[in-house]
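Per-entry structural report
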Amino acid sequence: MALNRRNFIFLLGATGVVFALEELANPISAVAQNRPTSQARQIYPYTPLPYAHNALEPYIDERTMRFHHGKHYAGYTRNLNAAVAGVSELQGLDAEELIRNLDRVPKRIRRTVRNNGGGYVNHKMFWEIMSPDGGGEPRGSIAKSIRRNFGSFDRMKEDFNARAKKVFGSGWAWLVLDDRGKLRITTTSNQDTPLMEGVYPIMGIDVWEHAYYLKYQNNRGGYIENWWNVVNWDEVNRRYRRARDRA
Ligand code: MN3
């Protein structure tokens, strides 16, 4: 009997293995279909991209977005949900509260929650502060605040880009609002977030290689420069207002 693909899959019988095989054969289609994973319980939901995977072309390519959203973000979401499932002392905390209160997280899952909860909130923000209609000069109250704190948008951008380029290894660069109402530029390693330091991330760029390597290879600077073309200033303004209201 010829062992064609159909027989082979029938013989295997396990959907998990079939998924793995199909993925090997065609990684993009498997990601594109965004199959539900075996998430225990979706306390922290996996949110769809607010635009098409190719909507940020040419600055961020479709293939990167499919892997980044469909694999990396999905992984953080799955691991976070699995870690907190059934941990009663964490019930009712939203993801930001969870990550701001790591001392309340049981020690045995604290590292997992830090990495994957950080990854979860960071990426959720990242998708939202980008848009195919983004770019250009900032508007609204964030524009005024940037001028007040940095002198000009160009000065802020220069600073931000320099810090983002210098992140060693994997991490993020941020524009945050500190507890005295000042805008500052900071960086974090891995999936740590400024929320852990009690300051609010207004906007941030993912400089993990998975965010740019397929298109830009080692040219992180090129990716950072181009990223400004997709910054969603409306959402950045919303986050800025939220941060001010919290203070
Ligand atoms: Mn990422």
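Attention here is on the structure that accompanies the text. (Residues numbered from 1 in each chain as written. Predicted model: local features only at pLDDT ≥ 70, side-chain atom pairs only at ≥ 80, totals over all residues. Heavy atoms only, no water.)

For helix H7 (residues 140-150), the complete set of buried residues consists of Ile142, Ala143, Ser145, Ile146 and Phe150. Mapping the buried residues of H7 onto a view down its axis gives an arc of 170°, with all of them on the same face. Turned more than 90 degrees away from the buried face of H7 sit Lys144 and Arg148, all of them exposed. Next to the buried residues of H7 lie helix H8 (153-166), strand S1 (171-177), strand S2 (183-189), strand S3 (200-206) and helix H11 (233-246). The first or second residue beyond H7 is Gly151, which carries a positive phi of 95°. (Buried < 20%, exposed > 50% of the residue type's maximum accessible area, 1.4 Å probe, protein only. Helix = DSSP H or I, 4+ residues; strand = E, 2+ residues; numbered from the N terminus. Arc of directions from axis to C-beta. Contact = heavy atoms within 4.5 Å.)

A cluster of like positive charges, contributed by Lys144, Arg147, Arg148, Arg241 and Arg244, occupies part of the molecular surface. Every element with two or more residues in the positive patch is listed here: H7 and H11. The biggest single contributor to the positive patch is H7, with three residues. Exposure remark for Arg148: the relative accessible area of 61% places this residue in the exposed category. (Patch = residues over 30% accessible without salt bridge, like charges linked within 9 Å, V, L, I, M, F, W, Y side chains within 5 Å. Areas by Shrake-Rupley, 256 points an atom, 1.4 Å probe, with all protein chains shown as cover. Salt bridge = Lys/Arg side-chain N within 4 Å of Asp/Glu carboxyl O. Lys, Arg positive; Asp, Glu negative; His and termini not counted. Charge placed at Lys NZ, Arg CZ, Asp CG, Glu CD.)

To continue, consider the coordination of the manganese ion. Within the protein, the manganese ion binds to His68 (NE2), His123 (NE2), Asp206 (OD) and His210 (NE2); these donor distances fall in the range 1.9 to 2.1 Å. Taken in chain order, the donor set of the manganese ion reads H-x54-H-x82-D-x3-H. Taken together, the residues His68 in helix H4 (residues 62-84) and His210 in the loop between S3 and helix H9 (213-216) connect sequence positions 142 residues apart. One exposure class covers both His68 and His210, and it is buried. (Donors = N, O, S within 2.8 Å, 3.2 Å for Na, K, Ca; no water.)

Time to look at the packing of aromatic side chains. Under the criterion given, the structure shown has 16 aromatic pairs. Between Tyr46 and Tyr73 the ring centres are 5.2 Å apart and the planes differ by 25°, which places this aromatic pair in the stacked class. Taken together, the residues span a long stretch of sequence, with Tyr46 in the loop between helix H3 (27-32) and H4 and Tyr73 in helix H4 at a distance of 27 residues. Through pairs of rings, three or more aromatic residues link up here, namely Tyr44, Tyr46, Tyr73, Tyr120, Phe126, Trp127, Trp172 and Trp174. Here the basic side chain of Lys215 rests over the ring of Tyr216, its NZ or CZ set 5.7 Å away from the ring centre. (Phe/Tyr/Trp six-rings, centres within 6.5 Å; stacked < 30°, edge-to-face > 60°. Lys NZ or Arg CZ within 6 Å of the ring centre and 35° of its normal.)

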